Amino acid sequence: MKKVGLALSGGAARGIAHLGVLKAFDEIGIKPAILSGVSSGAIVAVFYAAGYSPDDILRLIKELRIYRVMRLAIGQVGILHLDEVEKLYFRYLGEGATFEDLDIPVIIGTTDMHAGATVNFSSGELIKPLIASSAVPILYRPVQYQGMLLNDGGLLDNLPTQALAGKCDVKIGVHSNPINHEARITSLRSMVERTAHLAINNNVQLRRHLSDFFIEPPQLKYYRLMSFSKADELFNIGFNYTMSLKSELFELTK
């Protein structure tokens, strides 16, 4: 079987669908040889590579409220931090966790706000880059690391397929943010969400051709970026859509 690389996009709550995609891969018999991810995609990639099954990760999300901790902070005023999320990472990944501890190689994408450039991490300390990759600019404090000021990797590259170049035989991109063109803007919140969605989605479309195979479950467009209470539905959407592609994926990777 070919060496498969899997790139997982950011997408806030919609990123839970990545877990369903990974469960489908497990059932089809496709084991990623390397993973890349930004924001929620990075979280999924790291926990999966650390040995947690997709079902285990979904259970952790619902029981420990990892995403809820992040969501609640969004409603507050000012520059926020992800200290509580960091504590959860320490608990389940290890306080001194490194990339080298993972069972599968992972590349985490971040944005250096000083340089205005994407910075990928794949070795050394794990938690700091993982925290930075989910730190949405303005809402969350950037992470000071290795002389850089790091924020959400999806800002410049929300589908880190290019990071897999030369590291695998087949690059599969999974995008969890299809646009709902029928959606109506009815509030300031929906305007902010729509603006961020359109801007970030544009950088994905510019890089879509870098994937040998592209997975984008269309039903995800009906869910808000903050629909964390719909975790089971989002998981099932990712699983069912990927299973519908079983024959194509099998041919691609055999």
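Residues numbered from 1 in each chain as written. Predicted model: local features only at pLDDT ≥ 70, side-chain atom pairs only at ≥ 80, totals over all residues. Heavy atoms only, no water.

1. Overview of the overall build of the chain
Quick reminder of the rule: Per the convention used, a helix needs a DSSP run of H or I reaching at least four residues, while a strand needs a run of E reaching at least two, with both numbered from the N terminus. When we talk radius of gyration, it's over C-alpha atoms, and the globule rule is simply 2.2 Å times the number of residues to the 0.38. Exposure categories follow from relative accessible area, calculated using a 1.4 Å probe and restricted to protein chains: below 20% of the type maximum is buried, above 50% is exposed, and the middle band is partly exposed. Here, residues are in contact when the closest pair of their heavy atoms is within 4.5 Å. Surface accessibility follows the Shrake-Rupley procedure with a 1.4 Å probe radius. Residue values consider only the protein chains on display as shielding.
Along the backbone of the chain there are 9 helices and 8 strands. Relative to its length of 254 residues, the chain is compact, with a C-alpha radius of gyration of 17 Å against a globular reference of 18 Å. Taking the principal axes of its C-alpha atoms as reference, the chain extends roughly 50 × 45 × 35 Å. In the chain, which comprises 254 residues, the proportion classed as buried is 53%. Sequence-distant contacts, at least 24 apart, represent 75% of the contacts inside the chain between residues at least 6 apart. Carbon and sulfur atoms make up 52% of the accessible area of the chain, which amounts to about 11400 Å² in all.

2. What to know about the UniProt feature "active site" (unreviewed entry) in the chain
Our working rule: UniProt positions are given in the numbering used here, feature names are shortened, and annotations may be inferred rather than shown by experiment.
According to UniProt, the positions carrying the feature "active site" (unreviewed entry) are S39 and D152. For this annotated set, covering 114 residues, all C-alpha atoms fall within 6.2 Å of each other, a compact arrangement in space. The class for S39 is buried, based on a relative accessible area of 10%. With residues near it in sequence (within four places) discarded, S39 still touches G10, S133, S134 and D152. For D152, a relative accessible area of 9% gives the class buried. Non-local contacts of D152, meaning those with residues more than four positions away in its chain, are made with S39, T111, A132, S133, S134, A135, V136 and P137.

3. So, the side chain of N151
Here N151 shows up in strand β6 (residues 148–152). Take N151: its relative accessible area is 4%, and that puts it in the buried class.

4. A few points about the pairing of strand β7 (residues 170–174)
In the case of a regular strand, side chains alternate between the two sheet surfaces. The cut-off we apply is this: A pair of strands is considered paired only if DSSP assigns at least 2 bridges between the two.
Within β7, 5 of the 5 residues are buried, leaving the element largely enclosed by the surrounding structure. Alternating positions in β7 separate into two faces, V170, I172 and V174 on one and K171 and G173 on the other, with burial throughout. The pairing of strand β1 (residues 4–8) with β7 spans 5 bridges and is parallel. Opposite A7, over in β7, you have G173 as the bridge partner.

5. Brief notes about the packing of helix α2 (residues 40–49) against helix α5 (residues 83–93)
Cut-off, in case you're wondering: Between the N-to-C directions of two axes lies an angle of 0 to 180 degrees, each axis being a line fitted to C-alpha atoms and, for a helix, fitted only over the stretch in contact. Roughly parallel means an angle under 35 degrees; roughly antiparallel, over 145; roughly perpendicular, 65 to 115; everything else is oblique. Working rule for handedness: look at the near helix, and if it is turned counterclockwise from the far one by less than a right angle, call the crossing left-handed; if clockwise, right-handed. Residue polarity follows a fixed list, in which Ala, Val, Leu, Ile, Met, Phe, Trp, Tyr, Cys and Pro are nonpolar, Asp, Glu, Lys and Arg are charged, and the others, Gly among them, are polar.
Where α2 contacts α5, the two axes come as close as 11 Å, and the packing angle between them is 20 degrees. When the axis of α2 is compared with that of α5, the two are roughly parallel. In this structure, α2 meets α5 at a crossing whose hand is left-handed. For the pair α2 and α5, the contacting residues are I43, V46 and F47 in the first and Y89, Y92 and L93 in the second. Taken together, the residues of the contact of α2 with α5 sort by class into 6 nonpolar, no polar and no charged.

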